[in-house]
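Next come the chains, spelled out residue by residue.
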Amino acid sequence: MTRPIDSANRHLVAGFAPTHRRNSLSKAIISRVPLSLLRLTALSLLVPLLVAAGPIPPIQTTQERTVDLELILAIDTSSSVSSEEFDLQMRGMSQAFRNEAVIGAIRASGDRGIVVAMVQWSDARKQLLAIDWFEVNDQETSEQFAQEIDNTPRFLFGGGTALGGALTFAARQFEKNSYSGRRKVIDVSGDGRTNQGTRPERVRDKVVDSGVTINGLAILNEDPTIDSYYRYNVIGGTGAFVITATDYEDFSAAMLEKLIKEISGVPIVQAPKTPLLQEAHIFDKPGKNGPNEEK
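Summarised in this report is the structure supplied together with it. (Residues numbered from 1 in each chain as written. Predicted model: local features only at pLDDT ≥ 70, side-chain atom pairs only at ≥ 80, totals over all residues. Heavy atoms only, no water.)

A count of helical and extended segments in the chain gives ten helices and six strands. Taking all 295 residues of the chain together, the buried fraction comes to 42%. Restricting the contact set of the chain to residue pairs at least 6 apart, pairs at least 24 apart contribute 79%. For the chain, the accessible surface area stands at approximately 16500 Å², while carbon and sulfur atoms represent 54% of it. (Helix = DSSP H or I, 4+ residues; strand = E, 2+ residues; numbered from the N terminus. Buried < 20%, exposed > 50% of the residue type's maximum accessible area, 1.4 Å probe, protein only. Contact = heavy atoms within 4.5 Å. Areas by Shrake-Rupley, 256 points an atom, 1.4 Å probe, with all protein chains shown as cover.)

Below, the structure is given as structure tokens:
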């Protein structure tokens, strides 16, 4: 009669068992060993190997490339901007990047070049990165960027005017790219005052505090005093300025002048931190049809 094998003699029997029985017994024994004990045993074997190998090198991360300027062109595509007026804006920008004076300003800005992106914006829910960050450092790359502008359609149509939303969206693009600019500039152009969303001066102050300069190109065809509104409510930062265009036909010359000044870093007018005169606008007396301001 075969006597049962007690647990104390199980390892002795396994040693004299045939190979196939030994394997089966080994698997059975291992299956009964607590998982925590197996982990502890594996760790005790691994630690000496790690010590002998030396310290583990840190995980490599993508390093930001330093450039002389990060520039965002923020284009108004609200209801007040017709298709023809949008085309005039785009054409004015592409012509400016083909101009020798702009190319010269890019070369003079430093030896690291500039990067440019384009944002289209209208109301508080409509902002879009129309052209991703593009490196421009000479005539060839400036021509390539001008061609990129020529090939870019209008992505947003209609809607109100939310300069606060445009500035918020534009500022976020600096955080998402792989560049570190010695200067950061938002170049915002438009022909109207904010009529919805967060007040632009609130966003302006936060953006400026982060080290970004906001310049404006005010188009006077709808409101002949829009340049004053931009000066006190939109622009800010070191050397911030407003350039005016009497209408969209005048946009090209105004954009050329503006790009030369902001790329070369020439200070024009320092935006006041506290406006000398608080202009009255739609937010001062909100009524039934007043703006739905974001919290």
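Take a negative patch on the surface next. A contiguous patch of negative charge, built from Glu 84, Asp 87, Asp 247 and Glu 249, is present on the exposed surface. Here Asp 87 lies in helix H4 (residues 83–97). On the basis of relative accessible area, Asp 87 is assigned to the partly exposed category, the value being 39%. (Patch = residues over 30% accessible without salt bridge, like charges linked within 9 Å, V, L, I, M, F, W, Y side chains within 5 Å. Salt bridge = Lys/Arg side-chain N within 4 Å of Asp/Glu carboxyl O. Lys, Arg positive; Asp, Glu negative; His and termini not counted. Charge placed at Lys NZ, Arg CZ, Asp CG, Glu CD.)

Within the largest apolar cluster, 36 residues are counted, with the highest numbers of intra-cluster contacts made by Leu 73, Phe 97, Met 118, Phe 145, Leu 259 and Ile 263. For this core, the element with the highest residue contribution is H4, accounting for six residues. Membership of the second largest hydrophobic core comes to 31 residues, among which are Val 115, Val 212, Leu 220 and Val 242. (Core = buried A, V, L, I, M, F, W, Y, C linked by side-chain atoms within 4.5 Å.)

For Gln 147, the location among the structural elements is in helix H6 (residues 139–150). The exposure class assigned to Gln 147 is partly exposed, which follows from its relative accessible area of 36%. Taking C-alpha positions, Gln 147 is 9.4 Å from Arg 98, a pair spaced 49 residues apart along the chain.

Axis angle and axis distance: for two packed helices, these are the angle between their axes and the distance between the axes, and together they describe the pair. Running from amino to carboxyl end, helix H8 (residues 200–209) crosses helix H9 (residues 226–233) at an angle of 45°, the nearest separation of the two axes being 9 Å. With respect to H9, the element H8 is oriented oblique. Between H8 and H9, the contacting residues are Pro 200, Glu 201 and Arg 204 on the first element and Tyr 229, Tyr 232 and Asn 233 on the second. When the residues that make up the contact of H8 with H9 are grouped by side-chain class, the tally is three nonpolar, one polar and two charged. (Axes fitted to C-alpha atoms, helices over the stretch in contact; angles between N-to-C directions. Parallel < 35°, antiparallel > 145°, perpendicular 65-115°, else oblique. Nonpolar A, V, L, I, M, F, W, Y, C, P; charged D, E, K, R; others polar.)

Helix length check: helix H7 (residues 163–176) (14 residues) gives 21 Å between terminal C-alpha atoms against 20 Å at 1.5 Å per residue, within 8%. Judged by how many residues are buried, H7 sits mostly within the fold: ten of 14 residues are covered. For H7, the complete set of buried residues consists of Leu 163, Gly 164, Gly 165, Ala 166, Leu 167, Phe 169, Ala 170, Ala 171, Gln 173 and Phe 174. (Expected span 1.5 Å × (residues − 1).)

Turning our attention to the layout of surface pockets. Any space left empty among the atoms is revealed by the rolling of a water-sized probe across them. In this structure, the largest pocket occupies an estimated 320 Å³ of space. Around the largest pocket sit 18 residues that line it, and Thr 168, Ala 171, Glu 175, Lys 206 and Val 207 are the ones nearest its centre. Elements represented by at least two residues in the lining of the largest pocket include exactly H7, strand S4 (179–190) and H8. The greatest single-element share of the lining of the largest pocket, amounting to five residues, is contributed by H7. Counted by class, the lining of the largest pocket contains six nonpolar, four polar and eight charged residues. (1 Å grid on protein atoms, 1.4 Å probe; cavity = no way out; pocket = protein on both sides within 12 Å on 5 of 7 lines; lining within 4 Å. Points joined across faces, edges and corners; volume = space filled by probe spheres on them.)

Taking burial as the measure, the twelve residues of strand S1 (residues 65–76) include ten buried ones, the bulk of the element. Both S1 and S4 contribute to a ladder of ten bridges, which runs parallel. Looking across to S4, one finds that Ile 75 is bridged to Ser 189. (Pairing = 2+ DSSP bridges.)

What follows covers H6. Relative to the 16 Å expected for twelve residues at 1.5 Å per residue, H6 spans 16 Å between its end C-alpha atoms, a close match to the ideal helical length. Within H6 the residues assigned to the buried category are Thr 141, Ser 142, Phe 145, Ala 146 and Ile 149. Down the axis of H6, the smallest arc covering the buried residues is 145°, so these residues share one side. Where H6 is buried, its residues meet S1, H4, helix H5 (100–108), strand S2 (114–121) and strand S3 (127–136). (Arc of directions from axis to C-beta.)

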